[in-house]
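Descriptive analysis of the structure
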Amino acid sequence: MNQEQLREQICAHLGIMAPQVEDACLLVDECLANARKAFRDEFIFQLSPQAWAKITLIYYKHFLDTGCDVSIAEIVAAVVRDSITTSRMDMLTLQLAQQKLDNQARANSQPSLSIVKD
């Protein structure tokens, strides 16, 4: 996929997601230009057109809501930070649950040998 194909697909997805947005392709161009300041094309092409349409919509929406320009790199960094934190929490919770199950299994097990006195 080349840049123009990606752009066209992002515009199409954005048009479907948010038909009320006027000049969707202009927003896509701004979003991709901002992304190219921080990321190589190889990275940009790894994300699907649907993902870029969502990123573009978020980029546009938050700029309109706040008037503050948040770069695509900052958005991606925030998402990565959040996913790392969530993944770590998931792993730690799973370890805790496994430890509890192990402790319960040990507490419920009866010794199989008994002492018999004559």
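A brief structural summary. Along each chain, numbering runs from 1 in the same order as the chain's sequence is written. Given that the model is predicted, a residue must reach a pLDDT of at least 70 before its local features are reported, and side-chain atom pairs must reach 80 or more before they are shown or counted; all residues, however, enter totals for whole chains, interfaces and linings. Hydrogens and water are ignored here; the side-chain numbers use all heavy atoms of the structure.

**What about the packing of helix α1 (residues 3–17) against helix α2 (residues 24–38)?**
Between the N-to-C directions of two axes lies an angle of 0 to 180 degrees, each axis being a line fitted to C-alpha atoms and, for a helix, fitted only over the stretch in contact. Secondary structure is summarised from DSSP: a helix means a run of H or I of at least four residues, a strand means a run of E of at least two, and numbering begins at the N terminus for each. The N-to-C vectors of α1 and α2 enclose an angle of 130°; their axes lie 9 Å apart at closest approach. Classified by the angle their axes make, α1 and α2 are oblique. Seen from above, α1 lies across α2 with right-handed handedness. In this structure, α1 uses Gln3, Arg7, Ile10, Cys11 and Leu14 to contact α2, whose residues at the interface are Ala24, Cys25, Val28, Asp29, Leu32 and Arg36. Counted by class, the contact of α1 with α2 contains seven nonpolar, one polar and three charged residues. Any angle that is under 35 degrees is reported as roughly parallel, and any over 145 degrees as roughly antiparallel; angles of 65 to 115 degrees are reported as roughly perpendicular and all others as oblique. By the definition used in this description, the sense in which the near helix is turned from the far one sets the handedness, with an anticlockwise turn below a right angle giving left-handed and a clockwise turn giving right-handed. Residue contacts follow a heavy-atom distance rule, with two residues in contact if any of their heavy atoms lie within 4.5 Å. Polar here means any residue outside two lists: the nonpolar Ala, Val, Leu, Ile, Met, Phe, Trp, Tyr, Cys and Pro, and the charged Asp, Glu, Lys and Arg; Gly therefore counts as polar.

**Points about the packing of aromatic side chains**
The geometry of an aromatic ring pair is captured by the separation of the ring centres together with the interplanar angle, meaning the angle of the planes. Stacked, tilted and edge-to-face are the three classes assigned to paired rings of Phe, Tyr and Trp, where Trp is represented by its six-membered ring and a pair needs centres within 6.5 Å; plane angles under 30 degrees give stacked, over 60 edge-to-face, the rest tilted. Taken as a whole and assessed by the stated rule, the structure comprises one aromatic pair. With a centroid separation of 4.7 Å and an interplanar angle of 35°, the aromatic rings of phenylalanine 39 and phenylalanine 43 are classed as tilted. Throughout, exposure labels follow a simple rule: accessible area from a 1.4 Å probe, protein chains only, divided by the maximum for the residue type, with under 20% read as buried, over 50% as exposed, and the rest as partly exposed. Using a relative accessible area of 19% as the deciding quantity, one classes phenylalanine 39 as buried. With relative accessibility at 29%, the residue phenylalanine 43 sits in the partly exposed group.

**Points about the pattern of salt bridges**
Salt-bridge detection follows one rule: a side-chain nitrogen of Lys or Arg within 4 Å of a carboxyl oxygen of Asp or Glu. The full count for this structure, using the stated rule, is five salt bridges. In this structure, the salt-bridge partner of aspartate 65 is lysine 61, at a minimum N-O distance of 3.1 Å. Residue aspartate 65 and its partner lysine 61 are located together in helix α4 (residues 49–66), separated by four residues, close to a single helical turn. Taking relative accessible area as the criterion, lysine 61 reaches 42% and is therefore assigned partly exposed. Residue aspartate 102 is joined to arginine 106 by a salt bridge in which the shortest nitrogen-to-oxygen separation is 2.8 Å. Pair noted here: aspartate 102 and arginine 106 are both in helix α5 (residues 72–108), with a separation of four residues, about one helical turn. A relative accessible area of 34% places aspartate 102 in the partly exposed class. Its relative accessible area of 57% is what places arginine 106 among the exposed residues.

**A word on the nonpolar core**
Among the nonpolar cores identified, the biggest contains 18 residues, and Ile10, Ile44, Trp52 and Ile72 are the most heavily contacted of them. Elements supplying a minimum of two residues to this core: α1, α2, α4 and α5. With sequence-adjacent residues up to four places away left out, tryptophan 52 is seen in contact with Leu6, Ile10, Cys31, Leu32, Ala35, Ile44, Leu47 and Ile72. Nonpolar cores were defined as sets of buried Ala, Val, Leu, Ile, Met, Phe, Trp, Tyr and Cys residues, with membership established by side-chain atoms within 4.5 Å.

**A word on the side chain of threonine 56**
Positionally, threonine 56 belongs in helix α4. In this structure, threonine 56 is in contact with Ile10, Leu14, Leu27, Val28 and Cys31, ignoring residues within four places of it in sequence.

**Description of α1**
Here a helix's expected span is defined as the number of its residues, less one, multiplied by 1.5 Å. The end-to-end C-alpha distance of α1 is 21 Å, a good match for the 21 Å that 15 residues give at a rise of 1.5 Å each. The set of residues buried in α1 consists of Leu6, Ile10, Cys11 and Leu14. The buried residues of α1 all sit within an arc of 135° when viewed along its axis, so they share a single face. On its buried face, α1 is in contact with α2, α3 (41–46) and α4. A side-chain oxygen of the first residue of α1 lies 3.0 Å from the backbone nitrogen of glutamate 4; this N-cap is asparagine 2. The reported arc concerns the directions from the helix axis to the C-beta atoms and nothing else. Residues adjacent in sequence count toward polar contacts only when both atoms are side-chain atoms; beyond that, a polar contact is any pair of N or O atoms within 3.5 Å, and within protein one must be able to donate a hydrogen and the other to accept it.

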